[in-house]
Amino acid sequence: MTGPVKITSKAEVEEFLSKYDNFLFDCDGVIWQGDVLLPHVKETLSLLREKGKKLIFVTNNSTKSRKAYTKKFSKLGLDEVTPEEIFGSAYSAAVYLKKVVKFPADKKVLVLGESGIEEELASEGIQFVGGTDPSLRRDIGPEDYDAIVPDPSIGCVLSGLDLHINYLKLSIALINLQVPETLFLATNIDSTYPTHGKLFPGAGTMCAPLVLASKRQPISLGKPSKAMMDCVKAKFEFDPVRTCMVGDRLDTDIRFGQEGGLGTLFVLTGVNKESDILDENADVVPQQYMTKLGDIFELLH
Ligand SMILES: O=C(O)[C@H](O)[C@H](O)COP(=O)(O)O
Ligand SMILES: [Mg+2]
């Protein structure tokens, strides 16, 4: 098997761009690190738009809704990005509950996560509890052990990246997961979260305690899940062969692209390193890679 091609020249960039009409971009570690835009991303996205390419932003980060991400893009100077071009794992989970599960209107979702999940559930008319509820941002107290019981109005526990996770929230979630009929979903199960040039605990570390304690596995609706790819393909209707998935993480982004029949471009500005793909035992190897997304602009100028 030939190894991944490193794109380092103008000719290679031109050849690469000629193969694709559509680009699916991961966000954390590709477009930005935290609230810092990565070098020449703005110029590269403008260049691709000028060439008539379709741009879609597919993130596993469920802390923001599509609307909130549009504001983040704008704040970073990417005003041309619209909510229609954004597909996050929070939205993926909300669509799954609405369209696939047909979640009952009289039931609620117990959220372990941030406002992004709440906003997307609300946009699909799905009731929820937990999440950013300030009354849960406290230590568990002696009275809680008696008070926490299964809530029959809760039909699903949905976990995502929760920057305010604590024992109380985990306890309420576990007690409800001990009811077999309660659905167990995750927006994504990434083990780490790349930000500020470092790797912090990812969404997967939020549901891992529940997996251990409940002996149940969540259905994950983020990359590399087929559920998310089916949703993205249904919404954007692109030819997979003429479409490239651009990502910084092999076991989510690149696997997502490969399993969806897309082309794959790996960049070295996030979770995985060059050595991870050059390793002869690597199980996920992208077709092509480059140091950073901004190299597309830099190598053409
Ligand atoms: O833990 C997480 O949720 C992920 O690390 C993070 O969200 C990844 O986001 P993405 O790279 O898919 O934009
Ligand atoms: Mg990423």
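Residues numbered from 1 in each chain as written. Chains lettered and ligands numbered in written order. Predicted model: local features only at pLDDT ≥ 70, side-chain atom pairs only at ≥ 80, totals over all residues. Heavy atoms only, no water.

Participant: Quick one: what's the story with the overall build of the chain, residue by residue and with numbers?
Facilitator: Regarding its fold elements, the chain presents 12 helices and 16 strands. Expressed along its principal axes, the backbone C-alpha trace of the chain runs to roughly 65 × 40 × 30 Å. A buried classification covers 55% of the 301 residues belonging to the chain. Here the analysis covers contacts within the chain between residues at least 6 apart in sequence; of these, 70% occur between residues at least 24 apart. Total accessible area on the chain is roughly 13200 Å²; 57% of this is exposed by carbon and sulfur atoms. Distance between charge centroids for the chain: 3 Å, based on 34 positive and 42 negative side chains. (Helix = DSSP H or I, 4+ residues; strand = E, 2+ residues; numbered from the N terminus. Buried < 20%, exposed > 50% of the residue type's maximum accessible area, 1.4 Å probe, protein only. Contact = heavy atoms within 4.5 Å. Areas by Shrake-Rupley, 256 points an atom, 1.4 Å probe, with all protein chains shown as cover. Lys, Arg positive; Asp, Glu negative; His and termini not counted. Charge placed at Lys NZ, Arg CZ, Asp CG, Glu CD.)

Participant: Please provide a residue-by-residue account of the pairing of strand S8 (residues 127-130), values included.
Facilitator: Where strand S7 (residues 108-112) lies against S8, four bridges are found, and the strand directions are parallel. Directly across from Leu 110, in S8, lies its bridge partner Val 129. A crossover links S7 with its parallel partner S8, the connecting element being helix H5 (residues 115-123), and its sense is right-handed. (Pairing = 2+ DSSP bridges. Right-handed = clockwise from strand over helix to strand, strands pointing away.)

Participant: Requested: an account of the sheet that holds strand S6 (residues 86-88), with residues and values cited.
Facilitator: One open sheet accounts for seven strands, arranged S1-S16-S15-S14-S2-S5-S6; its pairing is parallel. Strand pairing shows two members of the sheet lacking a second neighbour, strand S1 (5-6) and S6, which therefore form its edges. Where strand S2 (residues 22-25) meets strand S14 (residues 243-247), four bridges bridge the pair, whose relative direction is parallel. Its bridge partner lying in S14, Leu 24 is registered against Met 245. Sheet contacts for helix H1 (residues 10-18): S1, S2, S14, strand S15 (263-267) and strand S16 (288-290); angle to S2, the most-contacted strand, approximately 100°. Sheet strands touched by helix H9 (residues 226-236): S2, strand S5 (54-59) and S6. Its angle to S6, the strand with the most contacts, is close to 160°. (Axes fitted to C-alpha atoms, helices over the stretch in contact; angles between N-to-C directions.)

Participant: Break down the sheet that holds strand S10 (residues 183-186) for me, citing the residues and quoting the values.
Facilitator: Strand order in the open sheet formed by five strands is S8-S7-S9-S10-S13, and the pairing between neighbours is parallel. At either margin of the open sheet sits one strand with a lone partner, and together these are S8 and strand S13 (219-220). Of the strands in this sheet, S7, strand S9 (154-159) and S10 are in contact with helix H7 (residues 167-177), which crosses S7 at around 140°. In the packing of helix H8 (residues 204-214) onto the sheet, the strands contacted are S7, S9 and S10, and the crossing angle to S10 comes to about 150°.

Participant: How would you sum up the site of ligand 1? Please name residues and give values.
Facilitator: Among the 15 residues in the neighbourhood of ligand 1, the closest are listed as Asp 26, Thr 59, Asn 60, Thr 192 and Ala 203. For ligand 1, the accessible surface in isolation is 350 Å², of which the surrounding protein chains cover 98%. Per-element tally for the shell around ligand 1: the top contributor is strand S11 (residues 192-195), with three residues. Counting the residues that make up the shell around ligand 1, at least three belong to each of domain 1 (5-60 + 224-300) and domain 2 (90-219). (Near = heavy atom within 4 Å. Domains from an automatic or database assignment.)

Participant: Could you give an account of the state of the cysteines, with specific residues and numbers?
Facilitator: Applying the stated criterion to the full structure yields zero disulfides. No disulfide involves Cys 156; its sulfur sits 12 Å from the nearest other cysteine sulfur, which is in Cys 207. With relative accessibility at 0%, the residue Cys 156 sits in the buried group. (Disulfide = S-S within 2.5 Å.)

Participant: Quick rundown of the side chain of Arg 249? Include the residues and the values.
Facilitator: For Arg 249, the position within the fold is in the loop between S14 and helix H10 (250-259). Taking relative accessible area as the criterion, Arg 249 reaches 5% and is therefore assigned buried. If near-sequence neighbours (up to four positions away) are discounted, Arg 249 is found in contact with Asp 190, Ser 191, Thr 192, Ile 254, Phe 266, Val 271 and Asn 272.

Participant: Tell me about the coordination of the magnesium ion (ligand 2), residues and numbers included.
Facilitator: Looking at the magnesium ion (ligand 2), the protein donor atoms are Asp 26 (OD), Asp 28 (O) and Asp 248 (OD), and they sit 2.0 to 2.1 Å from it. The sequence pattern describing where the donors of the magnesium ion (ligand 2) fall on their chain is D-x1-D-x219-D. With Asp 26 in the loop between S2 and strand S3 (32-33) and Asp 248 in the loop between S14 and H10, this pair connects stretches of sequence that are 222 residues apart. (Donors = N, O, S within 2.8 Å, 3.2 Å for Na, K, Ca; no water.)

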